[in-house]
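# Structure at a glance
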There are 2 protein chains.
Amino acid sequence: MSNPASAQTANGEAPKLVKGLEGVLALETELSFIDGQEGVLLYRGYEISDLAKNASFEEVAYLLWNGEMPKQSQLDELNRQFREERPVHPDIIDHLRHHTPNDAVPMSALRTVISMLGLYDEEAEDDSPEANMRKSIRLTAKLPTLVAAFDRVRKGLQPVAPKQEGSIAFDFLYMLNGEEPGPAAEEIMDAALVLHAEHGLNASTFTARVIGSTLSDIYSSVTGAMGALKGPLHGGANIKVMEMLLELDASGEDASAYIERKLAAGERIMGMGHRVYKTIDPRATILHGMLEGLSDEKGERKWLEMSDTIANAVTEAKGLNANVDFFSASVYYLLGIERDLYTPIFAVSRMTGWTAHLLEQWEENRLIRPRAGYIGPRDKTVKPIGER
Amino acid sequence: MSNPASAQTANGEAPKLVKGLEGVLALETELSFIDGQEGVLLYRGYEISDLAKNASFEEVAYLLWNGEMPKQSQLDELNRQFREERPVHPDIIDHLRHHTPNDAVPMSALRTVISMLGLYDEEAEDDSPEANMRKSIRLTAKLPTLVAAFDRVRKGLQPVAPKQEGSIAFDFLYMLNGEEPGPAAEEIMDAALVLHAEHGLNASTFTARVIGSTLSDIYSSVTGAMGALKGPLHGGANIKVMEMLLELDASGEDASAYIERKLAAGERIMGMGHRVYKTIDPRATILHGMLEGLSDEKGERKWLEMSDTIANAVTEAKGLNANVDFFSASVYYLLGIERDLYTPIFAVSRMTGWTAHLLEQWEENRLIRPRAGYIGPRDKTVKPIGER
C-alpha cells in the first residue's frame, strides 16, 4: 500500500487541502447520476420522474440492488421476502416500550434499534454477497415496523403488527395509524419513498460506505448512516419547512408579506436551494404535483398556496429553487404524519440506497481514508505537573 | 455554496478520481502528527513516548480536548468528573442483561449501548461547546463501565459497579475482574490507553467527523465510529495476532520454523506493517518494553519470545515492522483480558480522540461530502412489467 502520511516526503509534492472534500471524486458508482445544471436525477439510468410515475418502491429497491427492473416473478419473490421480514423480534418492541424514553428524539431511538437488529440477526457477521442482499431486504422491511412501533409506543398506544400484506407503503401506513390507508394515501407514500431512495454520495450514504470500507458489517454501516441523516444539515430540512408554514398559518399574516419580511431580514428559507441542483430539483416538481392532488382530495389548499407563494418569492428574489424537502413537508402533513417522523420516513426510503451502495462498495472494497494536514505545535515536552 | 455535481460542466475540467481518498487532505487538525518515514507520532506536539512515560490517560484526554497539559487543579477536577460519570443508567445494564444475546459480538453490543446512552442523556441535543465537552467526558467515563458490564453479564456474572475511585485504568480493571488490580497491571493498562488515544484521520475518526459534519449529535457520531472500529481492516488486528500465537503455542512447532513456513506460503502476518509507518511504529517500541516487564513479572516469557522471533523474521524477509497491534496482543493476554475485548479496549481509549476530533470539527464546521463519478447507463425507460 502507498503511504498517505508521508506522501509529501515521498514525492516532493504537498498534497492539496480540499476542505469538506467538495468536488473530490472519492469513488465510482453505477447507482445514480445527478446533473445539477440540468435538473436531472437518474437511478441506474432511469429518470426519477419515470420511476415515480411507473415504478413502485419495491421495484426501485430491486433496481438499486440488482441493476435491472424486476420481471413479474422476481418482483413477486421480493415482495414475498419483504412481507415475511416485516415483523421484528419481540425483544426489540420490548426495548421500545421499556428502554426508550417517551420523549426520545426519533432518529436517536431508531439509530439504537437499527443497531440492536444486528444483535438479533444470525447472519449479521456473514459477509457473503448473498447474506448482505438478504440483510438489505431485511433492514428495508423492518425499519417501517420500527418507526411505526416507536411512534405508537411513545403515544401510549399498542404497536400494530404488520399485516404482511400489500406494499411497504400500505403496511407502513397501516402500522402507523392502526387502520388501512386508502389507495390515494398509499400511492403518495409509495411515490415519496421512490423519490428519496437514492441520491449519490450524500453524507449518510458516504458514512455508510466509509464504515463499510473497513469491512465492518451492514448493521454498523447503516447505524452510522442513521446518525448522519439525523443531522440538521442533512435529513431535517422538511421539518423546518413545515414549522415555518405552521408559524405563518398561526400568525394569520399574508404569505407574500411574510416572505418579503423574512427575505428583507436576510433569513434563510429552509427547503429552498440545494448544494447540487442549480435549477429545479426534479423531485420537487413531482412532489408539487402530488401536493396539488392531495390538497384537492382533502379540500385543503392552504398549505399548497402558502408553499407556492413562498417558493416563487424566494426564486424571484434569490434565484433559489424549491428542493425535495420543500413540498414533501406539506405532503406528509396532509397525510397526517407527525412532523418528527419526516426524517425517519426519509430513512425508510434511503435504506435502499445505503444498502445498494454497501453492496457496491463490497464488490471491490477499498478502505476510504483521507488524511488531515497537521497545523498544531511540535517539540513540546511533558513537564512535571507542578511546573505547568 | 458551490456545485460539486456539476463541477465538470462548470469549470470545464473533470475532477480527478482519488479512489479511497488516499493521500487527499480532507481537513486540518491540531490533534496529532504522524511522520511515517521517521516513526514519529505527536499528540498536540508531544511525542507519544514522552506521554506514555510521563502522562496518565486522564492527562492525555485533557490534552487532546484542551490543547494543553492540565495543571494539578484542572486534572483533579477532570478526575472528579470522570469518577462521577462512571455509573450508567440501570436501564442500560438491564438492556445488557435482557436484550443482548450472550453470544453478541462485543463491538455490536457496545455500538448499541453507546447509541442508547444518548437516549438517557438530557444534554444529548445540546450542541453548545460546553455541553459537548461534558458529553466527551461522560462517554469516556461510561464506556469502560459498559465494556466490563457486557463481559460479566455474558458470563453469567453480576456486573460490578465502579468504585468511582482512582484512574480509569484502575476502575476498568476492577469492574472487569471484580477485584482491584495491582499497580503494575493498572500502569500497563493506563499506558495502553495513552498509546491508542489518537491517530489522525483513521477510518473511525473520519466516520465520526463525517457524521458530526451534518451537525448531528455526539452520540450519533461516536456510534458510527464504534461501527467503523469494528471492521477487520481497522480495529481487529491484535485479536488475529493473538490467535496466531495461540495456534503456534498449541502446535508445539518451533517459532522460527513456523514463520518460515508461513512466509514461504505467502501468508500475510497480522500486526506487521502499517499503511502509514514505513519504519517502526513508535507505539510498538513502547508496547515491546511493556511486554518485557510484564513477562518477567508473570514469569512467562514465551509470548514475548515467540513474538520477537516472528517479528524479526518478518522484518528481515519483507522489510515490515511490528505495528501497535503486534505486541498489544500479548500484553492484553498476559493481563488476562478476553481476546474479543481487545477492540472494545481500543474504543475505550480512542473515545478521547474521536470526541477531540468532533470538538475540533464543530469549532468551524463544514459538511464533509465528496462526490462519486457515475459510470452506469443512461437513457433507460421503465417498461411495463410484462415486457421486461
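Just so it is clear, the structure is predicted and the values come from calculations on it, not from any experiment. In this numbering scheme, every chain counts its residues from 1 along its sequence in written order. Working convention: letters from A go to chains and numbers from 1 go to ligands, in the order in which they are written. Side-chain atom pairs in this predicted model are given and counted only at pLDDT of 80 or more, local residue features only at pLDDT of at least 70, and totals for whole chains, interfaces and linings cover all residues. For the side-chain quantities, the full set of heavy atoms in the structure was used; hydrogens and water were omitted.

With that settled, consider the relation of the copies chain A and chain B. In superposing the copies, a least-squares fit is computed on C-alpha atoms, taking residues whose pLDDT is at least 70 in both. The transformation that overlays chain A on chain B combines an axial shift of 0.0 Å with a rotation of 180°, and the residual RMSD is 0.1 Å. Here the symmetry operator amounts to a two-fold rotation axis. Residue Gly224(A) of chain A places its C-alpha closer to the rotation axis than any other residue of that unit, at 2.0 Å. Residue contacts are counted whenever heavy atoms from the two residues lie within 4.5 Å of one another. Most of the interface of chain A is mirrored in chain B, where 99% of its interface residues are also at the interface.

Quick look at the domain arrangement of chain A now. Residues and elements named next belong to chain A. Where each domain starts and ends comes from a domain assignment, either automatic or drawn from a database. By domain assignment, chain A separates into domain 1 (56-233 + 351-363) and domain 2 (237-334). In this structure, domain 1 and domain 2 have C-alpha centres spaced 28 Å apart. Facing seven residues of domain 1, the contacting portion of domain 2 comprises 12 residues. Defined here as a combined quantity, buried area equals the accessible surface (1.4 Å probe) lost by two parts on assembly, summed across both. A buried area of about 960 Å², summed over both sides, lies between domain 1 and domain 2, and 72% of it is on carbon and sulfur atoms. Of all residues in domain 1, Ile188, Leu195 and His199 bury the most surface against domain 2, accounting for 57% of the area lost on that side. We count a salt bridge whenever a side-chain nitrogen from Lys or Arg sits within 4 Å of a carboxyl oxygen from Asp or Glu. Where domain 1 touches domain 2, the interface holds zero salt bridges.

So, about the sheet that holds strand 2 (residues 32-35) of chain A. The strands making up a sheet associate through backbone hydrogen bonding, with each pair oriented either parallel or antiparallel. All names here are of chain A. Taken together, the three strands give an open sheet; going across it, the order is 2-3-4, and neighbouring strands pair in antiparallel fashion. Both outer strands of the open sheet, strand 2 and strand 4 (46-47), are each paired with one neighbouring strand and no more. Summarising the sheet, strand 3 (residues 40-43) and strand 4 pair through two bridges and their orientation is antiparallel. Of the residues in strand 4, the one forming a bridge with Tyr43 is Tyr46. Only strands joined by at least two bridges in the DSSP assignment are considered to pair. In this text, helices come from DSSP runs of H or I with a minimum length of four residues, and strands from runs of E with a minimum of two, each type numbered from the N-terminal end.

This next bit is on the packing of aromatic side chains. Note on aromatic pairs: each is described by the distance of the centres and the angle between the planes. Aromatic pairing here means that ring centres of Phe, Tyr or Trp (its six-membered ring) are within 6.5 Å. Orientation follows from the plane angle: under 30 degrees is stacked, over 60 is edge-to-face, and everything else is tilted. All told, the structure shown has 11 aromatic pairs over all chains when counted by the stated rule. Aromatic side chains Phe326(B) and Phe327(B) sit 5.1 Å apart centroid to centroid with 85° between the ring planes, which places their arrangement in the edge-to-face category. Accessibility assignment for this pair places Phe326(B) and Phe327(B) in one class, buried. In this structure, Arg378(A) packs its charged tip against the face of Phe33(B), placed 4.1 Å from the ring centre. In this scheme, a residue with accessible area under 20% of its type's maximum is buried, one over 50% is exposed, and one in between is partly exposed, where area comes from a 1.4 Å probe on protein chains only. Criterion for a charge above a ring: Lys NZ or Arg CZ within 6 Å of the ring centre, and within 35 degrees of the ring normal.

Following the criterion strictly, the structure yields 56 salt bridges over all chains and no others. One salt bridge connects Glu123(A) with Arg138(A), and the closest N-O pair in it is separated by 3.1 Å. Separated by 15 residues along the polypeptide, Glu123(A) in the loop between helix 6 (106-119) and helix 7 (129-154) and Arg138(A) in helix 7 bring together distant segments of the chain. The burial state of Glu123(A) is the same as that of Arg138(A); both residues are buried. Between Arg86(B) and Asp171(B) there is a salt bridge, with its nearest N and O atoms 2.8 Å apart. Placement of Arg86(B) in the loop between helix 4 (72-85) and helix 5 (90-98) and of Asp171(B) in helix 8 (residues 168-177) is noted, with a sequence separation of 85 residues between them. Across this residue pair, the class does not change: Arg86(B) and Asp171(B) are buried. One continuous salt-bridge network, built from bridges that share partners, spans Glu85(A), Asp121(A), Glu123(A), Arg134(A), Arg138(A) and Lys142(A).

Here we come to the sheet that holds strand 2 (residues 32-35) of chain B. Residue and element names in this part refer to chain B. With antiparallel pairing, three strands are arranged side by side in an open sheet as 2-3-4. If you trace the sheet from one side to the other, it starts and ends with strand 2 and strand 4 (46-47), each paired once. Looking at chain direction, strand 2 and strand 3 (residues 40-43) are connected through four bridges and run antiparallel. Each bridged residue has a counterpart across the sheet, and for Asp35 the counterpart in strand 3 is Val40.

The subject of this paragraph is the side chain of His196(A). Residue and element names in this part refer to chain A. For His196, the position within the fold is in the loop between helix 9 (183-195) and helix 10 (203-212). Take His196: its relative accessible area is 1%, and that puts it in the buried class. Not counting the four nearest positions on each side in its chain, His196 is found in contact with Tyr43, Val324, Ser328, Tyr332, Phe346, Ser349 and Arg350.

Further remarks concern the nonpolar core. If you look at the biggest cluster of nonpolar residues, it comprises 226 residues, and the most contacted ones within it are Leu51(A), Ile310(A), Ile337(A), Leu51(B), Ile310(B) and Ile337(B). In terms of residues, this core owes the most to one element, helix 17 (residues 342-363) of chain B, which gives 11 residues. For Leu51(A), the contacting residues outside a window of four places in its chain are Tyr43(A), Tyr46(A), Val60(A), Leu63(A), Met69(A), Val194(A) and Val382(B). Judged by nonpolar contacts, the second largest core, of 20 residues, contains Leu201(A), Val210(A), Ala26(B) and Ile368(B). Buried Ala, Val, Leu, Ile, Met, Phe, Trp, Tyr and Cys residues form a nonpolar core when they are joined through side-chain atoms within 4.5 Å.

As a further point, take the environment of Arg268(A). All names here are of chain A. Mapped onto the secondary structure, Arg268 falls in the loop between helix 13 (255-264) and helix 14 (282-298). Arg268 gets classed as exposed once you look at its relative accessible area, which sits at 63%. Considering only alpha carbons, one finds Arg268 and Ser204, 64 residues apart in sequence, at a separation of 23 Å.

Tracing the chain through its elements places Glu22(B) in the loop between helix 1 (7-11) and strand 1 (25-29). Glu22(B) sits in the buried class, given a relative accessible area of 17%. Here a polar contact means two N or O atoms within 3.5 Å. Within protein one must be a hydrogen donor candidate and the other an acceptor candidate, and residues neighboring in sequence count only if both atoms are side-chain atoms. Separated by 3.4 Å, the side chains of Glu22(B) and Arg366(A) make a polar contact.

Quick look at the interface of chain A and chain B now. Taken residue by residue, the interface counts 111 residues in chain A and 110 residues in chain B. Surface buried jointly by chain A and chain B totals about 10,300 Å² across both partners, of which 59% is contributed by carbon and sulfur atoms. On inspection of chain A and its partner chain B, the count reaches 12 salt bridges. With a shortest N-O distance of 2.9 Å, Glu125(B) and Lys230(A) are connected by a salt bridge. Where chain A touches chain B, the interface holds 56 residue pairs in polar contact (both at pLDDT 80 or more). A total of eight residues in the side of chain A that touches chain B trace back to one element, the largest contributor, which is helix 6 of chain A. By the convention adopted, Pro, Cys, Tyr, Trp, Phe, Met, Ile, Leu, Val and Ala count as nonpolar, Lys, Arg, Asp and Glu as charged, and the other residues, Gly among them, as polar. A breakdown of the residues in the side of chain A that touches chain B according to their chemical character gives 47 nonpolar, 37 polar and 27 charged. Where strand 5 (residues 371-374) of chain A meets strand 1 of chain B, four bridges bridge the pair, whose relative direction is parallel. Looking at strand 1 of chain B, one finds that Gly373(A) is bridged to Glu28(B).

Looking now at the packing of helix 7 of chain A against helix 8 (residues 168-177) of chain A. Helix-helix packing: each pair is described by the crossing angle between the helix axes and the interaxial distance. Residue and element names in this part refer to chain A. Every axis corresponds to a line fitted to the C-alpha atoms, with the helix fit spanning only the stretch in contact, and the corresponding angles, defined between N-to-C directions, vary from 0 to 180 degrees. The geometry of helix 7 relative to helix 8 is characterised by a closest axis approach of 8 Å and an angle of 20° between their N-to-C directions. In terms of orientation, helix 7 lies roughly parallel with respect to helix 8. The hand of the helix 7/helix 8 crossing is right-handed. Here Thr140, Pro144, Thr145, Val147, Ala148, Asp151 and Arg152 of helix 7 come into contact with helix 8, specifically with Ile168, Phe172, Met175, Leu176 and Asn177. Any angle that falls under 35 degrees is termed roughly parallel, while one over 145 is termed roughly antiparallel, one within 65 to 115 roughly perpendicular, and all others oblique. In a left-handed crossing the near helix is turned counterclockwise from the far helix by less than a right angle, and in a right-handed crossing that turn is clockwise.

Now for helix 3 (residues 57-66) of chain B. Residues and elements named next belong to chain B. Here helix 3 lies mainly inside the structure; nine of its 10 residues are buried. Within helix 3, the full set of buried residues consists of Phe57, Glu58, Glu59, Val60, Ala61, Tyr62, Leu63, Leu64 and Trp65. The first or second residue beyond helix 3 is Gly67, which carries a positive phi of 90°.

All names here are of chain B. Running from N to C, helix 3 and helix 9 (residues 183-195) cross one another at 20°; their axes reach a closest spacing of 8 Å. Relative to helix 9, the element helix 3 is oriented roughly parallel. Here helix 3 runs over helix 9; the crossing is left-handed. Where helix 3 approaches helix 9, its residues Phe57, Glu58 and Val60 are matched on the opposing element by Asp190, Leu193 and Val194. Residue composition of the contact of helix 3 with helix 9, grouped by class: four nonpolar, no polar and two charged.

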